Amino acid sequence: MSHDHGEHATNRRRLAIAFAITAVILVTQVVGAVVTGSLALLVDAGHMLTDAGGLLMALVAASLMLRPATSTRTWGYQRTEVLAAAAQAAVLLAVGVYALIEGVRRLTDPPEVAHAGLLVFGIIGLAGNIAALLVLAGGRSANLNLRAAFLEVVNDALGSVAVIVSAVVIATTGWTRADALAGMLIAVLIIPRTLVLLRQTTRILLESTPAGLDLEQVREHLLGVPHVQGVHDLHASQIATGVPVLTAHVVVDDECFLDGHAPQVLDALQACVAEHFPVAIDHATFQLEPPSHADHEAQTHD
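Some thoughts on the overall build of the protein chain
Here's step 1: The secondary structure content of the protein chain amounts to eight helices and three strands.
Here's step 2: Seen in sequence order, the protein chain has helices and strands lined up from the N terminus as α-α-α-α-α-α-α-β-β-α-β.
Here's step 3: Put simply, the protein chain has 302 residues, and 42% of those count as buried.
Here's step 4: Put simply, 73% of the contacts in the protein chain that link residues at least 6 apart link residues at least 24 apart.
Here's step 5: Approximately 15200 Å² of the protein chain is accessible, and the part contributed by carbon and sulfur atoms is 64%.

This is how it looks when you write it as structure tokens:
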């Protein structure tokens, strides 16, 4: 247990350092976008804003996950990450759409861009991204939070490279439309990720079946457990990342309630959903019923 707490503290320190670096880069890029008039730098700053939010979310989640559940929050604060991710995706989508629209406008009427300042701020951004990558690299496989944070910073580094390239092109050729193209390229890179994030968070908030879990296969396996006659009101959803849950009403033989066999049936059902599917479900609740229970049970469904 002490080892787990030590590793958790180390991971939180990594996230805190990466967030601090990203926040400094964000402020620097906003200043740089104002000074240089660069769309690419402005879009990359918007990207950094979202990624800083993602790192902060991961850092807060790492702390909130330690809080125990209560009678009013039976799952604790685990769903906080889903709400924050949905807000993060909405902001990022708005930035991406704005970049595409503004990029098209700037292609037809390119403004002056201070390429020297653009190059300086691009290099500062890339240096910060590399520093954050080095901090996160050692723990990127520890959990999903750190893995996602590492990928966020990788995307930031690609955005900084696009800014640097556009600055070099403008400096060597005078073609100021390169800035608009770089901004649009960054938008093209971030919009698909935004749509994926929105889809994932929406699935969780709508309590859809977790991706990778086929409920018909689950039902088939449950019906294969000895003494099980039927399965109805089968539901599966996801509380937060890595926390799938499942509930079901299971009709079992009458003798299971007479000879004390019901606990073994319950153990077999829980082992089934925890071990036999790509999505392992440790939080499963089964209501065991005799066949006669259907006569006075409220309306049920498959």
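Topic: a nonpolar patch on the surface
Here's step 1: A cluster of nonpolar side chains, namely Val-27, Val-31 and Val-35, defines an oily patch on the protein surface of about 270 Å² accessible area.
Here's step 2: Considering the arrangement of structural elements, one finds Val-31 in helix H1 (residues 2-36).

Observations regarding the nonpolar core
Here's step 1: Within the largest apolar cluster, 23 residues are counted, with the highest numbers of intra-cluster contacts made by Val-218, Leu-222, Leu-246 and Phe-286.
Here's step 2: Of all elements in the fold, only helix H7 (215-223), strand E1 (228-240), strand E2 (243-252), helix H8 (262-275) and strand E3 (283-289) reach the threshold of two or more residues within this core.
Here's step 3: Those residues in contact with Phe-286, other than ones at most four positions away along the chain, are Leu-222, Leu-246, Ala-248, Val-250, Leu-266, Leu-269, Gln-270 and Val-273.
Here's step 4: Val-43, Ala-99, Ala-162 and Ala-167 belong to the second largest nonpolar core, which has 20 residues in total.

Description of the packing of helix H3 (residues 80-108) against helix H6 (residues 177-205)
Here's step 1: Direction vectors running N to C along H3 and H6 enclose 155 degrees, while the axes themselves pass 7 Å from each other. The angle between H3 and H6 places the two elements in the roughly antiparallel class. Here the hand of the crossing between H3 and H6 comes out left-handed.
Here's step 2: Taken together, the residues of the contact of H3 with H6 sort by class into 25 nonpolar, seven polar and four charged.

A closer look at the confidence of the model for the protein chain
Here's step 1: Here the protein chain averages 81 in pLDDT, and 88% of its residues register 70 or above.
Here's step 2: Long-range and interchain partners of residues 1-5, a stretch whose pLDDT sits below 50, account for zero contacts in this model, where long-range means more than four residues apart.

Conventions adopted
- Residue positions are given per chain, counting from 1 as you read along its sequence in written order.
- Only residues with pLDDT of 70 or above have their local features reported here, since the model is predicted, and side-chain atom pairs are shown and tallied only from 80 upward, although totals for entire chains, interfaces and linings are computed over all residues.
- For side-chain calculations, the full set of non-hydrogen atoms in the structure is used, while hydrogens and water are omitted.
- Secondary structure follows DSSP: runs of H or I at least 4 residues long count as helices, runs of E at least 2 residues long count as strands, and numbering of each begins at the N terminus.
- Using a 1.4 Å probe on the protein chains alone, a residue whose accessible area is under 20% of its type maximum counts as buried, one over 50% counts as exposed, and one in between counts as partly exposed.
- Contacts: residue pairs with any heavy atoms within 4.5 Å of one another.
- All accessibility values rest on the Shrake-Rupley procedure with a 1.4 Å probe; residue burial counts only the protein chains present in the view.
- Candidate patch residues must exceed 30% relative accessible area and have no salt bridge, after which like charges are joined if within 9 Å and Val, Leu, Ile, Met, Phe, Trp or Tyr side chains if within 5 Å.
- Between Lys or Arg on one side and Asp or Glu on the other, a salt bridge is scored when a side-chain nitrogen of the former is within 4 Å of a carboxyl oxygen of the latter.
- Among buried residues, those of type Ala, Val, Leu, Ile, Met, Phe, Trp, Tyr and Cys that are joined through side-chain atoms within 4.5 Å constitute a nonpolar core.
- The axes used here are C-alpha line fits, helices contributing only the stretch in contact, and every angle between their N-to-C directions lies in the interval 0 to 180 degrees.
- Each angle is binned into one of four classes, with values under 35 degrees roughly parallel, values over 145 roughly antiparallel, values of 65 to 115 roughly perpendicular, and all other values oblique.
- When the near helix sits turned anticlockwise from the far one by under a right angle, the crossing is termed left-handed; a clockwise turn instead gives a right-handed crossing.
- Under this grouping Gly is polar, as are all residues other than the nonpolar Ala, Val, Leu, Ile, Met, Phe, Trp, Tyr, Cys and Pro and the charged Asp, Glu, Lys and Arg.
- pLDDT expresses how confident the predictor is about each individual residue, on a scale running from 0 to 100.

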